[in-house]
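# Structure at a glance
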Amino acid sequence: MKATIWHNPRCSKSREALAILEATPGVEVTVRDYQKLPPSRAELAALYARVGMTPAQGLRRSETIAKEQGLGAASDDAILDAMAAHPILIERPLVETDKGVRLCRPPETIREIL
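## Considerations on the overall build of the protein
In terms of helices and strands, the protein carries 4 helices and 4 strands. Reading the protein from its N end, one meets helices and strands in the order β-α-β-α-α-α-β-β. The C-alpha radius of gyration of the protein comes to 14 Å, within 12% of the 13 Å expected for a compact globule of 114 residues. For the protein, the spread of C-alpha atoms along the three principal axes comes to 45 × 25 × 25 Å. Burial status across the protein gives 45% buried among its 114 residues. Restricting the contact set of the protein to residue pairs at least 6 apart, pairs at least 24 apart contribute 63%. Summed over its atoms, the accessible surface of the protein is roughly 5900 Å², and 50% of this surface lies on carbon and sulfur atoms. Here the protein holds 16 positive side-chain charges and 15 negative ones, and the gap between their average locations is 3 Å.

Put into structure tokens, the structure is as follows:
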């Protein structure tokens, strides 16, 4: 099975999810440091559609830039634009497999798609 983790190495939840993936036999892991390789707006929209959540649900509201831009009450379009411009706003970790996509908070949620 192939799995892609949208990873921030500075995030403890992201590191925990990566450790679960790496410890699971038969899983070929691709790590995407989304801050170094930012996703496009279209990629984000497709990812959230696949996971069944809105961009607002995937927003890191605690980030200073989210507060400065008033994203807490913004439209999904505005949030996607902001996430594409500032990937730090993407809640993590997101994990994709052939079985689906999950926001792995808590990290154990990853087991649903393995």
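## Remarks on the pattern of salt bridges
If the charged atoms of two oppositely charged side chains come close together, the side chains can form a pair. Under the counting rule described, the total for this entry stands at 8 salt bridges. The closest approach of N and O atoms between aspartate 81 and arginine 41, which form a salt bridge, is 2.5 Å. In this pair, aspartate 81 sits in helix H4 (residues 76-85) while arginine 41 sits in helix H2 (residues 41-51), placing the two residues 40 residues apart along the sequence. Using a relative accessible area of 41% as the deciding quantity, one classes aspartate 81 as partly exposed. A salt bridge links glutamate 63 to arginine 60, with the shortest nitrogen-to-oxygen separation between them at 3.3 Å. Of the two residues, glutamate 63 and arginine 60, both sit in the buried class. Each of the salt bridges in this network shares a partner with another, and the network as a whole consists of Arg60, Glu63, Glu91 and Arg105.

## Let's talk about H4
For H4, every residue scored as buried is listed here: Ile79, Leu80, Ala82 and Met83. Seen end-on, H4 carries its buried residues on one side only, within an arc spanning 165 degrees.

What counts as what
Residues numbered from 1 in each chain as written. Predicted model: local features only at pLDDT ≥ 70, side-chain atom pairs only at ≥ 80, totals over all residues. Heavy atoms only, no water. Helix = DSSP H or I, 4+ residues; strand = E, 2+ residues; numbered from the N terminus. Rg over C-alpha atoms; globule rule 2.2 N^0.38 Å. Buried < 20%, exposed > 50% of the residue type's maximum accessible area, 1.4 Å probe, protein only. Contact = heavy atoms within 4.5 Å. Areas by Shrake-Rupley, 256 points an atom, 1.4 Å probe, with all protein chains shown as cover. Lys, Arg positive; Asp, Glu negative; His and termini not counted. Charge placed at Lys NZ, Arg CZ, Asp CG, Glu CD. Salt bridge = Lys/Arg side-chain N within 4 Å of Asp/Glu carboxyl O. Arc of directions from axis to C-beta.

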